[in-house]
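Coordinate inspection notes
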Amino acid sequence: MDREYIIECDNLVKIYKTDETEVMALQGLDFQVRYGELTAIIGNSGSGKSTFLNMLGGLDVPTAGRLYVDGLDLFRLSEKELVAYKRNTVGFVWQNNARNLLQYLPAWQNVQMPMLFGAQKEQKKRAMELLDLVGMAHKAESKLSQLSGGEQQRVAIAISLANNPKILLADEPTGSVDPVTAAYIFDAFRRLNRELGLTIIIVTHDLSVASKVSRVVQIRDGKISTERVMRQNYMEQLNNTTGFETLGVATIMDGSSHEEFAVLDRNDRVQLPPEMLKEAGLSGRKVKMSVENGKIVISKPE
């Protein structure tokens, strides 16, 4: 375990069993996140990304493997320790607002609710500060029926911060809103990361979100297959703009924003992205490999 990292995963395996079938959601996932990182996890439906997020939140356990979060061996915690972990270490933002919010309470009381189980003083003042942090202080007295979907999601983010978590986990937080609203929601995440130094993990299929984080990890078939790291010149450009949409969503796809790396597993195996195979005209189950000038070249078989 390395104290440089707030999250360390070691060979996580998760198998879901029914009477007739077994589904392997994670197949030996290895992953590390540094303190204060803002990271997006992308992947197709069924790739294992939400399963992994639930493990980080203490909501699920692996079939095999180890997971350390902030120095805690998550799967060796007692029931009491796990409750304390979920209360004090992680905050969760769901796509479905019904899992975050009580419809009959105004926004500030929704934010105050998690504080009632702790020893915080001046709870309403703290709730108002959190609403202000996500740009919703002006709607503090509004009930949920008076708020748009995007406004409700920003209130949900404030709720997730009520007990000062060290990690914020967000599962498809922009999945049910329009692109402009998604931009405002993600701006709130960027501000929290920048001003509070909060470690944030966002699971998303939305590349407009992924293109605005410094690190993008793709899960394919239950493993980390590729990692995209933001180029320094793009990061500087992003930091100098206030408009979320002005830099263009397509940048992560054309490679101008992020540099992509394939990730070797512990047995030195690598998954080749399907889009690259298609672009290279490779099909079937065999490829030709050679080493040329210190580079591994993959090409069509003769």
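Our structure is the block above this text.
Anyway, here's the lowdown on the structure attached to this text. (Residues numbered from 1 in each chain as written. Predicted model: local features only at pLDDT ≥ 70, side-chain atom pairs only at ≥ 80, totals over all residues. Heavy atoms only, no water.)

Two numbers describe a pair of aromatic rings. These are the distance of the centres and the angle of the planes. Using the criterion set out here, one finds three aromatic pairs in the structure. With 5.6 Å between their ring centres and 75 degrees between their planes, Phe31 and Phe52 make a pair best called edge-to-face. Placement of the pair is Phe31 in strand S2 (residues 22–34) and Phe52 in helix H1 (residues 49–56), with a sequence separation of 21 residues. Classification of Phe31 as buried rests on a relative accessible area of 3%. Ring centres 4.2 Å apart and planes at 0 degrees place the aromatic pair Phe92 and Trp94 in the stacked group. Relative accessible area serves as the criterion here: at 14%, Phe92 is assigned to the buried category. Under the relative-accessibility criterion, Trp94 is labelled buried at 11%. Directly above the aromatic system of Trp108 lies the positively charged group of Lys124, at a separation of 4.4 Å from the ring centroid. (Phe/Tyr/Trp six-rings, centres within 6.5 Å; stacked < 30°, edge-to-face > 60°. Helix = DSSP H or I, 4+ residues; strand = E, 2+ residues; numbered from the N terminus. Buried < 20%, exposed > 50% of the residue type's maximum accessible area, 1.4 Å probe, protein only. Lys NZ or Arg CZ within 6 Å of the ring centre and 35° of its normal.)

Next up on the list: the packing of helix H5 (residues 149–160) against helix H6 (residues 179–196). In contact at an axis separation of 9 Å, H5 and H6 are set at 15 degrees when each is read in the N-to-C sense. Considering their axes alone, H5 and H6 lie roughly parallel with respect to each other. The way H5 lies across H6 gives a crossing that is right-handed. On the side of H5, the interface is formed by Gly150, Gln153, Arg154 and Ile157, while H6 contributes Thr181, Tyr184, Ile185, Ala188, Phe189 and Leu192. (Axes fitted to C-alpha atoms, helices over the stretch in contact; angles between N-to-C directions. Parallel < 35°, antiparallel > 145°, perpendicular 65-115°, else oblique. Left-handed = near helix turned anticlockwise from the far one by under 90°. Contact = heavy atoms within 4.5 Å.)

Let's shift gears to the pattern of salt bridges. Close approach of charged atoms allows side chains of opposite charge to pair. Counted under the stated rule, the structure contains 10 salt bridges. Linking Glu37 and Arg215 is a salt bridge whose minimum nitrogen-to-oxygen distance equals 3.1 Å. In this pair, Glu37 sits in the loop between S2 and strand S3 (38–42) while Arg215 sits in strand S9 (residues 215–220), placing the two residues 178 residues apart along the sequence. Comparing Glu37 with Arg215, the two get one shared label, buried. (Salt bridge = Lys/Arg side-chain N within 4 Å of Asp/Glu carboxyl O.)

Moving on to the sheet that holds strand S4 (residues 64–69). Reading across the sheet, the four strands line up as S2-S1-S4-S5 and stay open at both edges, with antiparallel pairing between neighbours. Each having just a single partner strand, S2 and strand S5 (72–73) make up the two edges of the open sheet. Inspection of the sheet shows strand S1 (residues 5–17) paired to S2 by 10 bridges, in the antiparallel sense. Across the sheet, residue Tyr16 finds its bridge partner in S2, namely Val23. (Pairing = 2+ DSSP bridges.)

Before going further, it helps to examine the nonpolar core. Ranked by size, the top nonpolar core spans 39 residues in total, and within it Val111, Leu131, Val155, Ile157, Leu168 and Phe189 carry the most contacts. For this core, the secondary structure elements donating two or more residues are S3, helix H3 (107–112), helix H4 (123–133), H5, strand S7 (167–171), H6 and strand S8 (199–203). The element that contributes the greatest number of residues to this core is H6, accounting for six residues. Sequence-distant contacts of Leu168, defined by excluding residues within four places in its chain, comprise Gly91, Phe92, Val93, Ile157, Ser160, Leu161, Phe189, Leu192, Leu198, Thr199, Ile200 and Ile201. Core analysis: the next-biggest nonpolar cluster, separate from the first, contains 28 residues, Ile41, Leu56, Val69 and Trp94 among them. (Core = buried A, V, L, I, M, F, W, Y, C linked by side-chain atoms within 4.5 Å.)

Let us look at the side chain of Glu172. By the secondary structure assignment, Glu172 is in the loop between S7 and H6. No salt bridge is formed by the buried Glu172. Its closest oppositely charged neighbour is Lys49, at 4.4 Å. Those residues in contact with Glu172, other than ones at most four positions away along the chain, are Lys49, Gln95, Val203, Thr204 and His205. (Lys, Arg positive; Asp, Glu negative; His and termini not counted.)

Counted residue by residue, S9 has six buried out of six residues, so it is predominantly covered. Residue alternation in S9 divides its side chains into two sets, Arg215, Val217 and Ile219 and Val216, Gln218 and Arg220, and both sets are buried. Two elements, S3 and S9, share four bridges in a ladder whose sense is parallel. The partner of Ala40 across the bridge, within S9, is Val216.

What follows covers the pairing of S7. Burial within S7 is extensive, with five of its five residues counted as buried. As judged from the four bridges shared by strand S6 (residues 90–93) and S7, these two strands associate in the parallel manner. Note on S7: the bridge partner recorded for Gly91 is Leu168. Since S7 and S8 lie parallel, the crossover through H6 that links them has a hand, and here it is right-handed. (Right-handed = clockwise from strand over helix to strand, strands pointing away.)

Residue position: Pro301 is located in the segment after strand S13 (295–299). With a relative accessible area of 46%, Pro301 lands in the partly exposed category. Taking the C-alpha atoms as reference points, Pro301 and Met289, 12 residues apart in sequence, are found 8.7 Å from one another. Contacts of Pro301, omitting those with residues within four sequence positions, involve Lys286, Val287 and Lys288.

This brings us to the environment of Thr39. Structurally, Thr39 is set in strand S3. The spatial distance from the C-alpha of Thr39 to the C-alpha of Val203 is 8.7 Å, given a sequence separation of 164 residues. Setting aside its immediate chain neighbours within four residues, Thr39 contacts Phe31, Val33, Ile200, Ile201, Ile202, Arg215 and Val217.

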